[in-house]
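# Geometric and topological summary
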Amino acid sequence: MSVALALPADGTLIACDRNAEWPAIGQPYWEAAGVADRIDLRIGKAVETLDGLIKDGRAGTFDFAFIDGDKKNYGVYYEQCLTLVRTNGLILIDNVLWDGRLIDSADDDRATNAIRDLNEKIRDDERVFPSMLPIGDGLTILRKLP
Ligand SMILES: C[S@@+](CC[C@H](N)C(=O)[O-])C[C@H]1O[C@@H](n2cnc3c(N)ncnc32)[C@H](O)[C@@H]1O
């Protein structure tokens, strides 16, 4: 809803969730805030939704993407969003510190490893200009470079 409120009247955002239950909590507030018509909710696996957008020719047409879904797919979401966002567009990625679990060498969880791998990839990725903010659970903000 915060993103929708920041949009111009003709702006839209696509919200992905595989579970309708959680967006249903927010929907009455989207209505009350007058932004429900700017939020295009797509229920389904986000990998498939984003893939569909790419196949529909939407590559390079988004100003902004926020990644906060299942962590095991973070690397896939990153590549898909990098395709969908325009040059100089922004991608935000939540939970990049993962409650400190990344530096626990005994933690071999799939989600933990996916975030580790993505952080290292972004550090060395010349396609983006990243900044990792140590607020909350860690938030990476990156700009897609020309
Ligand atoms: C941390 S919550 C997102 C919170 C949201 N960013 C907000 O600020 O309200 C993660 C969400 O990802 C959804 N999710 C998990 N796996 C998914 C998948 N494979 N595809 C799409 N959504 C998924 C969950 O249902 C959950 O609602």
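Residues numbered from 1 in each chain as written. Predicted model: local features only at pLDDT ≥ 70, side-chain atom pairs only at ≥ 80, totals over all residues. Heavy atoms only, no water.

## Here we look at the overall build of the protein chain
Counting its secondary structure elements, the protein chain contains 5 helices and 6 strands. When the helices and strands of the protein chain are placed in sequence order, the string is α-β-α-β-α-β-α-β-α-β-β. Expected size for 146 residues packed as a compact globule is a radius of gyration near 15 Å; at 16 Å, the protein chain falls within 12% of this value. On the principal axes, the C-alpha backbone points of the protein chain span a range of 45 × 35 × 30 Å. Here the protein chain, with 146 residues, has 35% of them falling under the buried criterion. Residue pairs at least 24 apart in sequence account for 64% of intrachain contacts in the protein chain once pairs closer than 6 positions are excluded. (Helix = DSSP H or I, 4+ residues; strand = E, 2+ residues; numbered from the N terminus. Rg over C-alpha atoms; globule rule 2.2 N^0.38 Å. Buried < 20%, exposed > 50% of the residue type's maximum accessible area, 1.4 Å probe, protein only. Contact = heavy atoms within 4.5 Å.)

## Quick notes on the pairing of strand S6 (residues 139-144)
Pairing between strand S4 (residues 85-94) and S6: 5 bridges, direction antiparallel. Residue pairing in the sheet places Leu92 in a bridge with Ile141 of S6. Turn length for the strand S5 (residues 128-133)-S6 hairpin, with the two strands adjacent in sequence and antiparallel, is 5 residues, and the turn residue Gly136 shows positive phi of about 55°. (Pairing = 2+ DSSP bridges.)

## As for the pairing of strand S3 (residues 62-67)
Looking along a regular strand, one sees side chains alternate from face to face of the sheet. One ladder, built from 5 bridges, connects S3 with S4; its direction is parallel. Its bridge partner lying in S4, Phe64 is registered against Leu90. Assessed by its sense of winding, the connection that carries the chain from S3 through helix H4 (residues 74-84) to S4 is right-handed. (Right-handed = clockwise from strand over helix to strand, strands pointing away.)

## Observations regarding unusual backbone geometry
Positive phi, normally seen in glycine, also occurs at Trp98, with a value near 50°. Mapped onto the fold, Trp98 is located in the loop between S4 and helix H5 (110-123). The class for Trp98 is buried, based on a relative accessible area of 17%. The phi torsion at Asp99 lies on the positive side, around 55°, for a residue other than glycine.

No statement about biological role is implied by the geometric values presented.
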